[in-house]
Amino acid sequence: LIVVDVVEGVCTQTHAVLHKALKERMQPCLVLNKLDRMILEMKFTPVEAFHHLKRIVENVNALAYSLVISELRIEKEGDVNTKGNSGEVDLDHPLLQKWTFAPEEGNVVFSSALDCWGFNLNKFANMWAKKLEINRNVLLKYLWEDCAINNRDKKIVKCDPHDINSKPMFATMILEPIWQLYEIGIEQKDPTKASKMAQR
């Protein structure tokens, strides 16, 4: 588990852990922790939180990519059969695929260790696909994208940057309910109402 604090983002420790896990050829899973801090301390809106989380995943992927490329080049130079080659690395190499973090692939978890909860996109894709009666795989593919769902015809469309009501699905279908739970349970101090809401 590569745990990244969503407030601090990628730091020196992230680099060290990624490097060690890669050297040992572990199966990586990225955990974006402390989402509760984005709600209670940073006071992000769900849309702001979505864009912040996307940047963190992009930053982790950029770091992982550079480490994997470096590792593959070292391996290639050490291989007697490839001496004299240009040092180019195959961008379809399985190690690069394995070390690319994508929520829709199930290798990214969003969590709050303090409050003992976490999820990946699969859970919400299954739930919303049933509620909206749309294809689960299609929903999963676009849930992490800058896309919205048109409730009238249940079509997935690109978010319109000029329309304040056009919000990414990840923000509206996943983060907004979590933000509401925190608002009711912690800000309004109404655990009974929050508990009922969580069961829906």
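Residues numbered from 1 in each chain as written. Predicted model: local features only at pLDDT ≥ 70, side-chain atom pairs only at ≥ 80, totals over all residues. Heavy atoms only, no water.

*Asks:* Break down the overall build of the protein for me, with residues and values.
*Replies:* Within the protein one finds eight helices and six strands. For the protein, the α and β elements follow one another from N to C terminus as β-α-β-α-α-α-β-β-α-α-β-β-α-α. With the C-alpha coordinates of the protein rotated into their principal frame, the extents come out at 65 × 40 × 30 Å. Within the span of the protein, comprising 200 residues, buried residues form 40% of the whole. Restricting the contact set of the protein to residue pairs at least 6 apart, pairs at least 24 apart contribute 61%. By element, 52% of the accessible surface of the protein is carried by carbon and sulfur atoms, the whole surface being about 11,800 Å². Within the protein, the 27 negative side-chain charges are centred at a point lying 5 Å from the centre of the 26 positive side-chain charges. (Helix = DSSP H or I, 4+ residues; strand = E, 2+ residues; numbered from the N terminus. Buried < 20%, exposed > 50% of the residue type's maximum accessible area, 1.4 Å probe, protein only. Contact = heavy atoms within 4.5 Å. Areas by Shrake-Rupley, 256 points an atom, 1.4 Å probe, with all protein chains shown as cover. Lys, Arg positive; Asp, Glu negative; His and termini not counted. Charge placed at Lys NZ, Arg CZ, Asp CG, Glu CD.)

*Asks:* Could you give me a rundown of the side chain of S166, with the residues and numbers involved?
*Replies:* If you trace the backbone, S166 turns up in the loop between β6 (155-158) and α7 (169-187). Judged by relative accessible area, which is 16%, S166 ranks as buried. Looking at S166, its side chain comes within polar contact range of the main-chain nitrogen of D160, at 2.8 Å. When sequence neighbours within four positions are dropped, the list of residues in contact with S166 reads A148, K158, C159 and D160. (Polar contact = N/O pair within 3.5 Å; in protein donor to acceptor, adjacent residues only side chain to side chain.)

*Asks:* Describe in detail the environment of E8, supporting the description with residues and values.
*Replies:* Checked against the element boundaries, E8 lands in the loop between β1 (2-5) and α1 (12-23). Along the backbone, E8 and K34 are 26 residues apart, and their C-alpha atoms lie at a distance of 9.8 Å.

*Asks:* Give a description of helix α5 (residues 121-132) that names residues and reports values.
*Replies:* End to end, α5 covers 16 Å across 12 residues, agreeing with the expected 16 Å (1.5 Å per residue, within 8%). Every buried residue of α5 is listed here: L121, F124, A125, W128, A129 and L132. Take α5 and look down its axis: the buried residues cluster within an arc of 130°, on one side only. Those residues of α5 that are exposed and aimed more than 90 degrees away from the buried face are K123, K130 and K131. Of the surrounding secondary structure, the elements contacted by the buried residues of α5 are β3 (108-112), β4 (117-119), α6 (136-142), β5 (147-150) and α7. Between the side-chain oxygen of the N-cap and the backbone nitrogen of N122 there are 3.2 Å, and the N-cap of α5 in question is N120. Where α5 ends, the next residue or the one after it, E133, has phi of about 55°, a positive value. (Expected span 1.5 Å × (residues − 1). Arc of directions from axis to C-beta.)

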